[in-house]
Structures are given as structure tokens and as C-alpha cells.
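Commentary on secondary and tertiary structure
This is what each chain is made of:
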Amino acid sequence: MTNAAPSPGTTPEPSAPALRASDAERERVAEALRQAAAEGRLDMPEFEQRLDAAYQARTHADLEALLRDLPVPAATVSGAADTAWAGRIGGPPTSGSALAFLAGFQRKGPWTVPRRFKATAFWGGGEIDLREARFEDREVVIRCVAVMGGLSVIVPPELEVRITGTGIMGGFDQSAAGAGAPGAPTVVISGFAFWGGVSTERRRTREDRKRVRAERRELKAQRRR
């Protein structure tokens, strides 16, 4: 039996978007590939090819394809995410708002983001850095209001980010919007920019970048042996 063709004038239902891979998930797959090579399941050329593909993977499907013929747990790609974030959810918030009026502010380091946080910049600037933050709940809302000023929101690669803000004779950046790792908190960035700007960016911490560079140097050294 063949499937019926769509009726004229109807639009096929769009497929669900592919879930984006996080840096932590790429590292877990890379470690599984190293273990497979150590056990003799992959020869060196194939190991190197898959390892390069793991670091360049963009979605969970890309990562899962690299492990499909290897005896590794199905949860290797995303199964540890809930545990990794459990210790960063809950606790009393550090503050509920921040104001930059002819000045500036920063919220960074190990602070706790409340369920609702309001940031306002009027002829000033502010930075909201979530890379080392805790979260009062699994979903938090950051409302940004920039009037003739600027606000910057920096998030780690693992967070799910939804951006609903608008720019009125100003800019409200959508760069950080997208899916995150399973189990990670969701951040909703709302508000508006009037003759000002709100920027968003996904960025790893300096320590994470150093660790990744060190691991890659170690891998290159192993290849030369």
C-alpha cells in the first residue's frame, strides 16, 4: 500500500529540528572513541577520522553515527547531562535585578540566577555572564531593557536559550538562541532595546578552553609516537 499524496493546497508538516550537540557531549564521544581505539576496535586512521568528526559535530545525530558500530552505552552522547547540571540548579538567588545608569554593572562568576531577573541599562552598560552561574529553577527569564545603553548576555554552550526581545531603533541580538544539552536549564531572554543594544553570545570559560587545547596537544603527541 502506498502512502496517500498530500492534498492540494496543504503544506507537509515540518520535521522536528535536530538537537544541537554541546561541547561536553563531544568530549564524551571523543573519550568513547579513544577507548575503542585502545581496545583495537578502531585502527589509527579511522580513529583519527572519527575523532575529527566528533569535534566538528553539530547535532546529536552526527555524534551517534560515530558510535553506531561500537559497543558503547546509548547514553554516551547525552545521558550524563542531568547529573552534570543537577548540582547547579536550586538555591536562593543572588539578586533579582541590576541597573546601569550612567555607569556599568557585572553579574559573573558563581552567582545564582533567580527565576525572574531584570537588567536595565540607561546610558550605561551591563554584562550578565551565566557560564559559572547556578540557577534557582530549570527555567529562568532574564528581561533586558537597554535605553541608549548596552547589555551583554554570555551563556555556556550547554544551555537552551530562547530569545523573545525586540529592538526599536536598536538591536536585540539572536546569536545565542538554540537548543542545549538534555537536563540543562533553559534561559529565556526577553525585553527591548531602544536606541541601544542587547547582545547574546555562547562562549566557554577560559578554563574549559585551556582544557580542550591541552587535550588536543596530548592527542597530537600520541599520534606522533
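Residues numbered from 1 in each chain as written. Predicted model: local features only at pLDDT ≥ 70, side-chain atom pairs only at ≥ 80, totals over all residues. Heavy atoms only, no water.

**Some points on the overall build of the protein chain**
The helix and strand inventory of the protein chain stands at five helices and 13 strands. Going through the 225 residues of the protein chain one by one, you find that 41% of them count as buried. For the protein chain, contacts bridging at least 24 residues in sequence account for 67% of all contacts bridging at least 6. Accessible area of the protein chain: about 12600 Å², with a carbon and sulfur share of 52%. (Helix = DSSP H or I, 4+ residues; strand = E, 2+ residues; numbered from the N terminus. Buried < 20%, exposed > 50% of the residue type's maximum accessible area, 1.4 Å probe, protein only. Contact = heavy atoms within 4.5 Å. Areas by Shrake-Rupley, 256 points an atom, 1.4 Å probe, with all protein chains shown as cover.)

**Quick notes on the pairing of strand β1 (residues 97-101)**
Alternating positions in β1 separate cleanly, A98 and A100 being buried on one face and S97, L99 and F101 remaining unburied on the opposite face. As paired strands, β1 and strand β4 (residues 116-122) are joined by five bridges and run parallel to one another. By the bridge assignment, A98 is partnered in β4 with A119. (Pairing = 2+ DSSP bridges.)

**Topic: the nonpolar core**
Membership of the largest hydrophobic core comes to 30 residues, with the highest contact counts inside it found for I128, L130, F135, C144 and L159. Contributions of two or more residues to this core are made by β1, β4, β7 (139-147), β8 (150-155), β9 (160-163) and β12 (186-194). In terms of residues, this core owes the most to one element, β7, which gives four residues. Core analysis: the next-biggest nonpolar cluster, separate from the first, contains 17 residues, A21, L42, Y55 and L66 among them. (Core = buried A, V, L, I, M, F, W, Y, C linked by side-chain atoms within 4.5 Å.)

**Observations concerning the pattern of salt bridges**
Under the counting rule described, the total for this entry stands at 11 salt bridges. Among the salt bridges present, the one from R50 reaches E46, with a minimum N-O distance of 2.8 Å. With R50 and E46 both in helix α2 (residues 44-56) and four residues apart, the pair spans about one turn of that helix. Residue R50 is classed as buried on the basis of its relative accessible area of 11%. Residue K108 is joined to E127 by a salt bridge in which the shortest nitrogen-to-oxygen separation is 3.9 Å. With K108 in the loop between β2 (104-107) and β3 (112-113) and E127 in strand β5 (residues 125-129), this pair connects stretches of sequence that are 19 residues apart. What makes K108 partly exposed here is its relative accessible area of 44%. (Salt bridge = Lys/Arg side-chain N within 4 Å of Asp/Glu carboxyl O.)

**Some words on the sheet that holds β2**
Read across the sheet, five strands follow the order β2-β5-β8-β13-β11 without closing on themselves; strand pairing throughout is parallel. Across the chains shown, the open sheet's two edge strands, defined by having one partner strand only, are β2 and β11 (171-172). Bridging between β2 and β5 involves four bridges; their strand directions are parallel. Residue pairing across strands places F105 opposite G126, the latter belonging to β5.

**Quick notes on helix α1 (residues 23-38)**
When the terminal C-alpha atoms of α1 are compared, their 23 Å separation across 16 residues agrees well with the 22 Å that a helix rising 1.5 Å per residue should span. Where α1 is concerned, the buried positions are D23, E25, R26, E27, V29, A30, A32, L33, A36 and A37. A positive backbone phi angle near 85° is found at G40, which sits one or two residues after α1. (Expected span 1.5 Å × (residues − 1).)

**Notes on the environment of A32**
Counting through the fold element by element, A32 comes out in helix α1. The class of A32 is buried, set by a relative accessible area of 13%. Separated by 19 residues in sequence, A32 and L51 place their C-alpha atoms 9.8 Å apart.

**Quick notes on the confidence of the model for the protein chain**
Taken residue by residue, the protein chain gives an average pLDDT of 83. The fraction at 70 or more is 82%. Contacts from residues 1-16, a stretch scored under 50 in pLDDT, to residues over four places away or in other chains number zero contacts. (pLDDT = per-residue confidence, 0-100.)

**Some points on a positive patch on the surface**
Residues R206, K210, R213 and R217 make up a contiguous surface patch of positive charge. Take K210: it is sitting in helix α5 (residues 206-224). Residue K210 is classed as partly exposed on the basis of its relative accessible area of 47%. (Patch = residues over 30% accessible without salt bridge, like charges linked within 9 Å, V, L, I, M, F, W, Y side chains within 5 Å. Lys, Arg positive; Asp, Glu negative; His and termini not counted. Charge placed at Lys NZ, Arg CZ, Asp CG, Glu CD.)

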